[in-house]
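A structural walkthrough
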Amino acid sequence: MKIDILDSPDRLTKTTKGLASHDPGYEISASVSSPELGEHCEEFVRFIAEYVLSGNSIRAGETLAYGYWLTKAELTDGRTLVFFEYNPEATEFVFGVTHTLTYWRDQTSLCNREGADFIPPRPDQMVVISDGVYEGDNVEGVRYASPSHMSGWWLTTDRYNGKIESLKTVHAHHVSAKRPDLAKFLALPNGYRFFSPTGAVWFDEKAAK
């Protein structure tokens, strides 16, 4: 089935047309806060539409991960499935998919630039950080293979004194909320390093092992 997408006059909302006449019987709609994300919003709506047309049902209130971030579907009028997303602090769901698609755009762009696989962590996975990360200092990051509750990321600044006990483990969503400038690096695979102020990214064979 060809999926048609309608664009709102302000170019901020994308909605399928004609999907409701097929199983599952509803249209799909998503909104963003900037027209710059319009293309990515259309890709998101098309992805969800293809997902349900492949026989996967999405119920009202169900959550769905899209890249790094978490979205939630709500049936607003009985015939349109509208998407919400975690706010940056991951404390509540808010209307639209702006944060989701900003993370998606920035992370996929960086991974494509580096020729790296796109491997985003879950926002509830843990990140190891040193003092200075939340304070806005320059950050060097490295990602190691780790247990499933860990993202694999270790983020340190010049304040790190080399003592492991001085490090803290925090959820990935706290890092992306406190340091949105670091979010674009988080989908790089194991073995990659970055230095935040220059945007430099490189692969470290030793870290990969």
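About the cut-offs
Residues numbered from 1 in each chain as written. Predicted model: local features only at pLDDT ≥ 70, side-chain atom pairs only at ≥ 80, totals over all residues. Heavy atoms only, no water. Helix = DSSP H or I, 4+ residues; strand = E, 2+ residues; numbered from the N terminus. Buried < 20%, exposed > 50% of the residue type's maximum accessible area, 1.4 Å probe, protein only. Contact = heavy atoms within 4.5 Å. Areas by Shrake-Rupley, 256 points an atom, 1.4 Å probe, with all protein chains shown as cover. Lys, Arg positive; Asp, Glu negative; His and termini not counted. Charge placed at Lys NZ, Arg CZ, Asp CG, Glu CD.

1. Let's talk about the overall build of the protein chain
The helix and strand tally for the protein chain stands at 4 helices and 13 strands. Counting only C-alpha atoms, the protein chain reaches 60 × 35 × 35 Å along its principal axes. By residue count, 44% of the 209 residues in the protein chain fall in the buried class. Intrachain contacts of the protein chain at a sequence separation of at least 6 include 54% that bridge at least 24 residues. Summed over all atoms, the accessible surface of the protein chain reaches about 10500 Å², with 49% contributed by carbon and sulfur. Computed over 21 positive and 29 negative side-chain charges, the inter-centroid distance for the protein chain is 3 Å.

2. Observations regarding unusual backbone geometry
A positive phi angle is found at arginine 11, which is not glycine, with a value near 65°. By secondary structure assignment, the location of arginine 11 is in the loop between β1 (4-7) and β2 (13-17). For arginine 11, a relative accessible area of 48% corresponds to the partly exposed category. We note that alanine 90 has phi near 60°; this positive angle belongs to a residue other than glycine. Of note, alanine 90 is situated in the loop between β6 (80-86) and β7 (93-95). Alanine 90 sits in the buried class, given a relative accessible area of 15%.

3. Points about the environment of threonine 157
You can see threonine 157 is positioned in the loop between β10 (150-156) and β11 (168-171). Owing to a relative accessible area of 8%, threonine 157 belongs among the buried residues under this scheme. For the pair threonine 157 and proline 123, spaced 34 residues apart in the sequence, the C-alpha separation amounts to 22 Å. Not counting residues up to four positions away in its chain, the partners in contact with threonine 157 are Ser130, Asp131, Gly132, Val133, Asp137, Asn138 and Val139.

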